[in-house]
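Reading the structure
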Amino acid sequence: MNALNPTTEAGLVSVQIGGQTFGVPVLEVQDVIAQTAINRVPLAPPEIAGSLNLRGRIVTAIDMRRRLGLPPQAEDQRASGVSVIVEQASGELYALMVDDVGDVLWLPPSAHEPTPPTLSPAWRDLCDGLYRLEDDLMLVLRTETVLTLASPPVGDTPNSTRRTADLATHGDRS
């Protein structure tokens, strides 16, 4: 699920984060929900907003603004956020907290372009190319990479990387 199939149309859910348009592969999106109560997770990396309850399942919420190094939303806009629920091959659910969700776009493979080398290195690692839309550029999020965070400097593993689920759902077992 990491790379787009170059021979079929790409289905992407368009989302807005900090004024930038991103695409999340539609086959990884399980649901889109309005802002809901989120419980903080002690000692979680700053990108993890906490956990939420989605129809009886605990879902790790990722603050995409923090994940992308963007400033937080203005105080008067915080209540209008949306979460895109993505499911990974492992069956784990994650809520990507975004500013807004747009349409599902079906784009031809010929319109896909590589990630520009001028994009910041942090964003380049999280993206799988781009599409030129009528009035915007849409960067394609590589969700597997988005969900891989560096562990906080706790204990004796300061530079290791671990899956978000390991840290937020199961805790730090170092």
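The structure presented is a predicted model; accordingly, all values stated were derived computationally and were not measured. (Residues numbered from 1 in each chain as written. Predicted model: local features only at pLDDT ≥ 70, side-chain atom pairs only at ≥ 80, totals over all residues. Heavy atoms only, no water.)

Quick word on the nonpolar core
By size, the foremost hydrophobic cluster in this structure holds 28 residues, and its most contacted members are V15, F22 and M64. Contributing elements (two or more residues each) for this core: β1 (10-17), β2 (20-25), β6 (82-87), β7 (93-98), α2 (121-126), β10 (127-132) and β11 (137-141). Once residues within four sequence positions are removed from consideration, V15 is found in contact with Q20, T21, F22, V24, V84, V98, D100 and V101. With 10 residues, the next largest nonpolar core counts L54, V59, A61 and I85 among its residues. (Core = buried A, V, L, I, M, F, W, Y, C linked by side-chain atoms within 4.5 Å. Buried < 20%, exposed > 50% of the residue type's maximum accessible area, 1.4 Å probe, protein only. Helix = DSSP H or I, 4+ residues; strand = E, 2+ residues; numbered from the N terminus. Contact = heavy atoms within 4.5 Å.)

Describing the sheet that holds strand β4 (residues 48-54)
Pairing in this open sheet of five strands is mixed, and the strands run β3-β6-β7-β5-β4 from one edge to the other. Bordering the open sheet on either side are β3 (29-34) and β4, each of which pairs with just one other strand. Shown here is a sheet whose adjacent strand axes are inclined to one another by a mean of 30 degrees, direction ignored. As judged from the six bridges shared by β6 and β7, these two strands associate in the antiparallel manner. Note that in β7 the partner of V84 across the bridge is L96. (Pairing = 2+ DSSP bridges. Axes fitted to C-alpha atoms, helices over the stretch in contact; angles between N-to-C directions.)

Focus: unusual backbone geometry
Residues other than glycine seldom take positive phi values, yet L43 does so here, at roughly 65 degrees. In this structure, L43 sits in the loop between β3 and β4. Positive phi is not limited to glycine here, since R55 has a value of about 50 degrees. Tracing the backbone shows R55 in the loop between β4 and β5 (57-63). Relative accessible area serves as the criterion here: at 63%, R55 is assigned to the exposed category.

So, the pattern of salt bridges
Taken as a whole, this structure holds four salt bridges when the rule is applied. Where D99 meets R65, a salt bridge forms, and the shortest distance between an N and an O atom there is 2.8 Å. Taken as a pair, D99 in the loop between β7 and β8 (100-107) and R65 in helix α1 (residues 64-67) lie far apart in primary sequence, 34 residues in all. Exposure remark for D99: the relative accessible area of 15% places this residue in the buried category. The class for R65 is buried, based on a relative accessible area of 13%. A salt bridge links R142 to D128, with the nearest nitrogen and oxygen atoms 3.7 Å apart. Of this pair, R142 sits in the loop between β11 and α3 (143-146) while D128 is found in strand β10, placing the two residues 14 residues apart along the sequence. Residue D128 is classed as buried on the basis of its relative accessible area of 15%. (Salt bridge = Lys/Arg side-chain N within 4 Å of Asp/Glu carboxyl O.)

Function cannot be inferred from these measures alone, as they are strictly geometric.
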